[in-house]
Amino acid sequence: YEAPTTVAEAVDLLAEHGDDASVLAGGQSLIPLLALRLARPEVLIDINGIDELSGVSAANGHVTIGAMTREYVAEESGTVADSLPLLAAALPMIGHEAIRSRGTIGGSLAHADPAAELPAVARALDAEFVVRGPSGTRVIPAAQWFDGYLTTSRRADELLAEVRFPAAGPGTGVSFEEVARRHGDFAIVGLAASLVLSGGIISDARLAFAGVSDVPVRATAAEDLLAGERPSAELFDEAARRATEDLDPPADLHGSSDYRKTVAAAVVRRGLRAAADNAARGSD
């Protein structure tokens, strides 16, 4: 067990131990894996004492969130509420209050569970992941961050330091929709939706699914359809069709692949209606 107090110390430990080490942030995913013996690291690197990894700041059209920022801190942040409404909409849907009081923004994104809320938000907003390693700092776009199930492009000797999100502009409406068996459960299907309305026309559309693949999935065909159009029920029905026509969701005890695909279409329609309503109210 190691407890570094600086990023440099943590990086040195990761460089020394590589794949034999696991990083402990909030512990809401790692501790259960350890308890079930599904993870057996030789070294546990506890980064809770690294103060420089916490905090929320806004500058130059972006919001930067330190990897160790607790989810409840982001949930209560005025900066997040004002500049990252999609993240603000998703945060209350993560587990329960006790989990969000310990869970961290960076921990969830580094764990990369494809059914979790934050990976879908990061993918929808084209977030950037800042990692630090022995060779210096790398910035990894969200499209390249998620490699597979519980896998990211972070190297074993690198530490996720912060995540950068583009701030929402005027006319932005958002919605985070999910269907789960119980409140606090991982979503059977979730959707991060963001629309920008300008003069009643959709100038930007972003849709990202949770729970339909081994990584969060952008619905680019639906996004392309929406851009330049006026919101309508017919448009959103067609967007739902395009967003799901190539999906092949996994089947498990919570539902078949066809069931997940049907749910995915429903949350697209629901999410687009809610995002368009929010955008229209914001532009009034």
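Cut-off values and rules
Residues numbered from 1 in each chain as written. Predicted model: local features only at pLDDT ≥ 70, side-chain atom pairs only at ≥ 80, totals over all residues. Heavy atoms only, no water. Helix = DSSP H or I, 4+ residues; strand = E, 2+ residues; numbered from the N terminus. Buried < 20%, exposed > 50% of the residue type's maximum accessible area, 1.4 Å probe, protein only. Phe/Tyr/Trp six-rings, centres within 6.5 Å; stacked < 30°, edge-to-face > 60°.

Caption draft 1: Summary view of the environment of Thr-79. Within the element layout of this structure, Thr-79 appears in helix H4 (residues 78-83). A C-alpha to C-alpha distance of 7.2 Å links Thr-79 and Ala-58, two positions 21 residues apart in sequence.

Caption draft 2: Just helix H8 (residues 117-124), in detail. Counting buried positions over the 8 residues of H8 gives 8, a clear majority of the element. Among the residues of H8, Glu-117, Leu-118, Pro-119, Ala-120, Val-121, Ala-122, Arg-123 and Ala-124 are the ones counted as buried. Just past H8, the residue Asp-126 takes up positive phi, approximately 55°.

Caption draft 3: Spatial organisation of the packing of aromatic side chains. Per the stated rule, a full pass over the model turns up 2 aromatic pairs. Each ring, one from Phe-129 and one from Trp-145, has its centre 4.3 Å from the other, and the planes form 0°; the classification is stacked. A residue pair is termed long-range when its members are at least 10 positions apart, and Phe-129 in strand E5 (residues 128-133) and Trp-145 in helix H9 (residues 142-145) qualify at 16 residues. Residue classification places Phe-129 among the buried residues on the basis of a relative accessible area of 0%. Judged by its relative accessible area of 0%, Trp-145 is buried. Judged by centre distance (6.0 Å) and plane angle (85°), the rings of Phe-129 and Phe-146 are edge-to-face. Placement of Phe-129 in strand E5 and of Phe-146 in strand E7 (residues 146-148) is noted, with a sequence separation of 17 residues between them. As far as burial versus exposure is concerned, Phe-129 and Phe-146 are alike and both buried.

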